[in-house]
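# Chains, contacts and geometry: an overview
This is what each chain is made of:
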Amino acid sequence: MDAPKETGLRNVSSVCSIPEMDDFDLKNLLDKPRLTIKRERSFDERSLSEMSISRGLDNLELAYSPGGRSVLDTPGSSTRNSFEPHPMIAEAWDSLRRSLVHFRGQPVGTIAAYDHASEEVLNYDQVFVRDFVPSALAFLMNGEPDIVKNFLLKTLQLQGWEKRIDRFKLGEGAMPASFKVLHDPERKTDTIVADFGESAIGRVAPVDSGFWWIILLRAYTKSTGDLSLAETADCQKGMKLILTLCLSEGFDTFPTLLCADGCSMIDRRMGIYGYPIEIQALFFMALRCSLAMLKLDEEGKEFVERITKRLHALSFHMRSYFWIDFQQLNDIYRYKTEEYSHTAVNKFNVIPDSIPDWVFDFMPTRGGYFVGNVSPARMDFRWFALGNCVAILSSLATAEQASAIMDLFEARWEELVGEMPIKICYPAIESHEWRIVTGCDPKNTRWSYHNGGSWPVLLWLLTAACIKTGRPQIARRAIELAESRLLKDGWPEYYDGKNGRYIGKQARKYQTWSIAGYLVAKMMLEDPSHLGMISLEDDRQLKPIIKRSSSWTC
Ligand code: GLC
C-alpha cells in the first residue's frame, strides 16, 4: 500500500487547531474577485478564538482521538460536562437509533422518516444517500464509525450495478439516490433495491449522491484516522468512477457542471436546471476531498492533474460570476448588452431588465452571496442555503466572501431564518412564475417545501459555516429557535410560510435528517474541533502570486 502522500490526509490523532485543519496544498486556488467588503472582527470571532484557547489542546486532542466520542452532550459522555445537556438530545438520539436500517444484521443506514402517522410512505422508508450524511456525522462525532463504513461500502457495491432507465444505460459512476432493504422473514434473507433515478419523480439521476459519498469518505477518514478504507482498491475505483462522470470533456464552455432540474436535494422541478449552486459547491468540495484521498499511482496522478486544473478554473468562475454583493448588483444593473468579443464586460449577456425587483431590496449594503445559477442570459438571483454553506465549508468562498455570506444572514435574519432555521431558498416563486417554473407543482406552492420552505436539516450546515467563520453566536440563536419547536412538533421535515412558522403542509414527522441535523449542530457547537471532518481550509502558506487572467474585467 502506498504511504499517504505528503499533501494527503493527515492522521487525525495529531493535535491540531481549527485554523490548521487544512488537508493539502491546493495550489493556484486563490484567484480573488474584487470585493468591496471591509469589516471589523466581530464579537463572535473574538469569542470563538478565546473559546478555542481556553478549551485548550486537551479537548481538541480528545475529540480527535480516533474512535473517540464527542466529549459533550452525547449519551455516554462523561461527567466532565459541567452543564446539563438539553433534554431534547436524549430524545433525538433515541429517534435516530429507531431509524437504523440493517442488512444481514449490520447497520447500513437510516431511513428518511419514521412517520407512522403518515398514510403515504412513498419512498421515505428508504435510505437516502444525502439524508444519511447528517446521520453519519452524528455517529462519527459520537465515536460510532462502523455504520458509516458499512454505508460507504454498501453504496459502493450499488454503484457497481448496471443502471438503466428504460433502454438507456446510465454512466458507470452514478450513485443511487436511495436504497431499501427488503427482509424476507420466511426465507430469512435480506435483499436490496436501489433507485438511481429510474423510480424518482421526473426520472432524474441524483448528481449530488456521488459527491456526498466522496465527502463522507473523507469525513470518515478524518474522524477515525483510518486511512485504510479510502485506500482500498474498491474505494479508489469508486471515487475515480464518480470523477470520470464529472471531469469528462465535451461541449462545455464553463468549468461548472451542467445539470437537469431536480438532480439534488431539490428533487423536483424548481428552475434549478443549468448550473445550480448546490451542485457546483458540492462538486468543488468533492474534488478537493478526492485530491486528499487519491493514491498517487500512475492513474491517480492523472486524476490529480485533471482535478487541480478543474478546481483552478471552477474557483475562478464561481468567485467571479456567481458572486453578488451590492457593488456587483449595481454593476449588473448598469450592464450594456449585446457585447461581442473578448472585451465584453457582460460576458453572459445578462439583460438588466431581467433582474427581479426583490433583489434590490434584499441586498444589504454589507454582505453578499453566491447566486443560484449563471448561464447565458439567465442569472437566477435566488439565494440557496445549501450551496452557500457548502461554499463556506469547502473554501470555495474566499475568506471575505464567507464573511459576507454570514453578514447577509445577520442582515436578513427575518427572511432567511425567521421562526425556524433555515430557508432552503429565498424568495419563493409565485403566481404565473410558479406555473411556468414548477409546472404548477402543488407541493411546491409559494413558501412551502422546496419553494421557500424552512428545513431544520440545514441547521447543521449553518452551524458549521458559523463556526468556520468565527460566528458561533449566530448558530446559537438558530439552534434556540429550533429547540423551541422541533421536538414538540415531532421533528418535521420542513416548515411553511414566509417566516417558517407552520409545520409543512405535507411534511413528514420524525424526519431523520431533521433529528440528525440538530444533533450534529449541537455537537459541533459544543466541540468546534468536529468541524474538521466537514470543512476544508484554504491554503494560507502557499499563496501564489495572484495573477489576473486576461479575461478579468471587473
Ligand atoms: C424529499 C427531498 C429530498 C430528500 C427526500 C428524502 O424528496 O426533496 O431532498 O432526500 O425527500 O428525505
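Let me begin by describing the structure that accompanies this report. (Residues numbered from 1 in each chain as written. Predicted model: local features only at pLDDT ≥ 70, side-chain atom pairs only at ≥ 80, totals over all residues. Heavy atoms only, no water.)

### Things to note about the overall build of the chain
Counting secondary structure elements, the chain contains 18 helices and 13 strands. Of the roughly 23500 Å² of accessible surface on the chain, 52% is carried by carbon and sulfur atoms. (Helix = DSSP H or I, 4+ residues; strand = E, 2+ residues; numbered from the N terminus. Areas by Shrake-Rupley, 256 points an atom, 1.4 Å probe, with all protein chains shown as cover.)

### Thoughts on the site of the ligand
Taken together, A112, Y124, F128, R130, D131, M265, D267, Y449, H450, E493, Q511 and W513 make up the full set of residues adjacent to the ligand. With respect to the ligand, the side chain of Y449 contributes an N or O atom lying 3.5 Å from an oxygen atom. The protein chains hide 96% of the 310 Å² of surface that the ligand would expose on its own. Of the residues belonging to the shell around the ligand, the class tally is 6 nonpolar, 2 polar and 4 charged. (Near = heavy atom within 4 Å. Polar contact = N/O pair within 3.5 Å; in protein donor to acceptor, adjacent residues only side chain to side chain. Nonpolar A, V, L, I, M, F, W, Y, C, P; charged D, E, K, R; others polar.)

### A short note on the pattern of salt bridges
For the structure shown, the criterion picks out 15 salt bridges. Its salt-bridge partner being E299, residue K240 comes within 3.0 Å of it at the nearest N-O pair. With K240 in helix α7 (residues 233-247) and E299 in helix α9 (residues 298-322), the pair connects residues that are 59 residues apart, well separated along the chain. Here the salt bridges do not stand alone but share partners, grouping R366, D407, E410 and R471 into one network. (Salt bridge = Lys/Arg side-chain N within 4 Å of Asp/Glu carboxyl O.)

### Considerations on the sheet that holds strand β6 (residues 178-184)
The antiparallel open sheet is built from 3 strands, whose spatial order is β3-β6-β7. At either margin of the open sheet sits one strand with a lone partner, and together these are β3 (127-128) and β7 (189-195). Pairing analysis gives 2 bridges linking β3 to β6, with the strands arranged antiparallel. Paired with F128 across the strands is S178, a residue of β6. Across the sheet, helix α4 (residues 146-159) is in contact with β3, β6 and β7; its angle to β6 comes to roughly 95°. (Pairing = 2+ DSSP bridges. Contact = heavy atoms within 4.5 Å. Axes fitted to C-alpha atoms, helices over the stretch in contact; angles between N-to-C directions.)

### Re the pairing of strand β1 (residues 100-103)
Every second residue of β1 is oriented toward a common face, the buried set being V101 and F103 and the non-buried set L100 and H102. Where β1 and strand β2 (residues 106-110) come together, 4 bridges link them in antiparallel fashion. Among the inter-strand pairings, L100 is bridged to a residue of β2, identified as T110. Where β1 folds back on β2, the antiparallel hairpin that results is connected by 2 residues, among which R104 adopts a positive phi of roughly 45°. (Buried < 20%, exposed > 50% of the residue type's maximum accessible area, 1.4 Å probe, protein only.)

### Notes on the environment of Q328
Mapped onto the fold, Q328 is located in helix α10 (residues 326-333). In this structure, the C-alpha to C-alpha distance between Q328 and G368, residues 40 residues apart in sequence, is 9.3 Å.

### Section: the nonpolar core
One finds L137, W213, Y369, F381, L458 and W460 to be the most contacted residues of the largest nonpolar core, which totals 169 residues. For this core, the leading source of residues is helix α8 (residues 277-293), giving 12 residues. (Core = buried A, V, L, I, M, F, W, Y, C linked by side-chain atoms within 4.5 Å.)

### Overview of helix α16 (residues 459-468)
Think of an α-helix as 3.6 residues a turn; residues three or four steps apart then line up on the same face. Extensive coverage of α16 is indicated by the burial of 10 of its 10 residues. Of the residues flanking the end of α16, it is G470, one or two places downstream, whose phi is positive at about 75°.

### Re the pairing of strand β10 (residues 378-384)
Along β10, 6 of the 7 residues are buried, which leaves the element largely enclosed by surrounding structure. Taken together, the 4 bridges between strand β9 (residues 368-375) and β10 define a ladder with antiparallel strand orientation. Bridge assignment links V371 to a residue of β10, and that residue is W383. Turn length for the β9-β10 hairpin, with the two strands adjacent in sequence and antiparallel, is 2 residues, and the turn residue A377 shows positive phi of about 55°. Note that β10 and strand β11 (residues 425-426) share 2 bridges and pair antiparallel. Bridge assignment links W383 to a residue of β11, and that residue is Y426.

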